[in-house]
Amino acid sequence: MKCCAAIIVAAGSSRRAGFDKLLAPLHGVKVLERSIRAFANCREITEIVVVCPEERFRAIDAADLETEIPVTRVDGGAERHESVQNGLAALLYTPELVAVHDGARPLITVEQISRCIQTARECGAAASAHPVTDTLKRADEERFTLPEQVDRDGLWCMETPQVFQYPLLLDAYVEVTERNMQVTDEVTALQLIGHPTRLVHNHEPNPKITWPEDVSRAETLLELKHLRKDS
């Protein structure tokens, strides 16, 4: 089986949350640990690099991960793209594919990870996403709505994982470095070298933990998921 390495980015300061959101418990399992477990349980993943501070990694009990694949840690950078580059540099071997995931998205499923990997194997680049369904409005600086209509057709909310053929991701980050740019995700980096990314519709909730209330919402989603399984 061809291999896919995973880089889990968890180097943020959690400033907006007001506490370390990566260590917040969701039904007794820390947010970051849930993200790591999802990739550790995916049969296509052969290595995991967690980009985070050492003390945050020490707070995760590696023995509880129950995985036979290597799980290593590396420090993050000042910006997100620097953290991903640090993760790439820390890989133990040269993989076919690399999956980049936000550690603060703990509800990602093994099935969605596999779908993204398969799509990237076929197209070179894939990203988990879901279509925009809400009505969109543009507002002014005082948050009053403007008359402009925002067409949601073709608009998607980006998620992670985002999975790429290893050489493509390397080339994209060479371009990011040479242009001295800051990118918020790998799809944007791929666009700099003119390579499109196939979006993989995620039908399961995959929210990013950002604010304190996001933790309780994620717990509610987990409870509903368990109820569906038991019914």
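All values derive from a computational prediction rather than experimental measurement.

1. What about the overall build of the chain?
Each helix and strand counted, the chain has seven helices and 11 strands in total. For 231 residues, the compact-globule estimate of 2.2 N^0.38 gives 17 Å, and the chain sits close to it at 18 Å. Along the longest, intermediate and shortest principal axes, the C-alpha atoms of the chain span 55 × 45 × 35 Å. Taken across its 231 residues, the chain has 44% of its residues classed as buried. In the chain, 73% of the contacts between residues at least 6 apart in sequence involve partners at least 24 apart. Entry remark: accessible area of the chain is about 12300 Å², with carbon and sulfur atoms responsible for 48%. Each charge sign in the chain was given a centre, from 26 positive and 36 negative side chains, and these centres are 3 Å apart.

2. Looking at the environment of Ser216
Looking at the element boundaries, Ser216 is found in helix 7 (residues 212-230). Ser216 sits in the partly exposed class, given a relative accessible area of 41%. Spatially, the C-alpha atoms of Ser216 and Glu142 are 30 Å apart, while their sequence positions differ by 74 residues.

3. Points about the side chain of Arg34
Within the secondary structure layout, Arg34 lies in helix 1 (residues 31-40). It turns out Arg34 is buried and unbridged, and the closest side chain with the opposite charge, Glu219, is 7.5 Å from it. A polar atom in the side chain of Arg34 sits 2.7 Å from the backbone oxygen of Leu26. When sequence neighbours within four positions are dropped, the list of residues in contact with Arg34 reads Leu26, His27, Val29, Pro106 and Leu222.

Definitions and limits used
- The residue numbering used here restarts from 1 in each chain and proceeds along that chain's sequence as written.
- At least 70 in pLDDT is required for a residue's local features to be given in this predicted model, at least 80 for side-chain atom pairs to be given and counted, and no such filter applies to totals for whole chains, interfaces and linings, which use all residues.
- The basis for the side-chain values is all heavy atoms of the structure; hydrogens and waters are excluded.
- Strands are runs of DSSP state E lasting at least 2 residues, helices are runs of H or I lasting at least 4, and numbering of each runs from the N terminus.
- Between the two quantities, the radius of gyration covers C-alpha atoms and the globule rule is 2.2 Å times the number of residues to the power 0.38.
- The classification of residues rests on relative accessible area computed with a 1.4 Å probe and restricted to protein chains. Under 20% of the type maximum is buried, over 50% is exposed, and intermediate values are partly exposed.
- By definition, residues are in contact when any of their heavy atoms lie within 4.5 Å.
- Method for areas: the Shrake-Rupley scheme with a 1.4 Å probe, in which residue coverage is limited to the protein chains shown.
- His is not counted, nor are the chain ends, whereas Lys and Arg count as positive and Asp and Glu as negative.
- Charge positions come from single atoms, namely NZ of Lys, CZ of Arg, CG of Asp or CD of Glu.
- A pairing counts as a salt bridge when a side-chain nitrogen of Lys or Arg comes within 4 Å of a carboxyl oxygen of Asp or Glu.
- Within 3.5 Å is the distance limit for a polar contact, defined as a pair of N or O atoms, with the added protein rule that one can donate a hydrogen and the other accept it, and that residues adjacent in sequence qualify only through two side-chain atoms.

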